[in-house]
Amino acid sequence: MKLLTIICMCVLFISSGTVTIGQAQQTSGNVKGETQALQQQMLSDPEIMNMIQSLQNDPDFQQILQDPEIMKAVSSGDIAALMANQKFMRILNNKTVHDIGTKLQK
């Protein structure tokens, strides 16, 4: 479940344009509790933000960013809809996403 949250945050950061090299901005939204702490951890780590930025050029992420149904599910936190979407689930195998997850666990 944590990996799904990480992917959602990466998508939100990229789609909102808050991913910039050297300086990260916090996105507005309805993140709560653990998700908010995870977001802060990601935003405060320049290496993670650079990793997220690198995902902007990933073809699988580009497909997600261009899919209105996935973006609606990401924005609303509809995990069930995301888990049912093959395009979104394919990102679970993305090496950069796994690297972000590993770095967040340290």
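How each quantity is defined
- Residues numbered from 1 in each chain as written.
- Predicted model: local features only at pLDDT ≥ 70, side-chain atom pairs only at ≥ 80, totals over all residues.
- Heavy atoms only, no water.
- Helix = DSSP H or I, 4+ residues; strand = E, 2+ residues; numbered from the N terminus.
- Buried < 20%, exposed > 50% of the residue type's maximum accessible area, 1.4 Å probe, protein only.
- Contact = heavy atoms within 4.5 Å.
- Areas by Shrake-Rupley, 256 points an atom, 1.4 Å probe, with all protein chains shown as cover.
- Arc of directions from axis to C-beta.
- Polar contact = N/O pair within 3.5 Å; in protein donor to acceptor, adjacent residues only side chain to side chain.
- Salt bridge = Lys/Arg side-chain N within 4 Å of Asp/Glu carboxyl O.

**A word on the overall build of the chain**
- When helices and strands are tallied, the chain shows 8 helices and 0 strands.
- Secondary structure elements of the chain, listed N to C terminal, follow the sequence α-α-α-α-α-α-α-α.
- Across the 106 residues in the chain, those meeting the buried criterion constitute 39%.
- Excluding contacts between residues fewer than 6 apart, the proportion of contacts in the chain whose partners are at least 24 apart in sequence is 71%.
- For the chain, the computed accessible surface area is about 6000 Å², with 49% contributed by carbon and sulfur atoms.

**Quick notes on helix H8 (residues 95–105)**
- Burial in H8 covers these residues: Val97, Ile100, Gly101 and Leu104. Looking down the long axis of H8, one finds its buried residues gathered within 100° of arc, a one-sided arrangement.

**Topic: the environment of Gln62**
- Turning to its location among the elements, Gln62 is positioned in helix H4 (residues 59–65).
- Residue classification places Gln62 among the partly exposed residues on the basis of a relative accessible area of 28%.
- Sequence separation of Gln62 and Val11 is 51 residues, and the distance between their C-alpha atoms is 9.4 Å.
- Beyond its immediate sequence surroundings of up to four residues, Gln62 is in contact with Gln56 and Asn57.
- A polar contact is formed between the side chain of Gln62 and the backbone oxygen of Gln56, at a distance of 2.2 Å.

**Some details on the side chain of Asp67**
- Inspection of the secondary structure assignment puts Asp67 in the loop between H4 and helix H5 (68–76).
- A residue is classified by how much of its surface remains accessible, and Asp67, at 12% relative accessible area, is buried.
- Polar contacts involving the side chain of Asp67 include one to the side chain of Lys87, which spans 2.7 Å.

**Things to note about the pattern of salt bridges**
- Under the definition given, this model contains 5 salt bridges.
- Between Glu47 and Lys103 there is a salt bridge; the shortest N-O distance is 3.3 Å. Placement of the pair is Glu47 in helix H3 (residues 46–54) and Lys103 in helix H8, with a sequence separation of 56 residues.
- Overall, Glu47 belongs to the partly exposed group, its relative accessible area being 46%.
- Each member of the salt-bridge network shares a partner with another, and the members are Asp45, Glu47 and Lys103.

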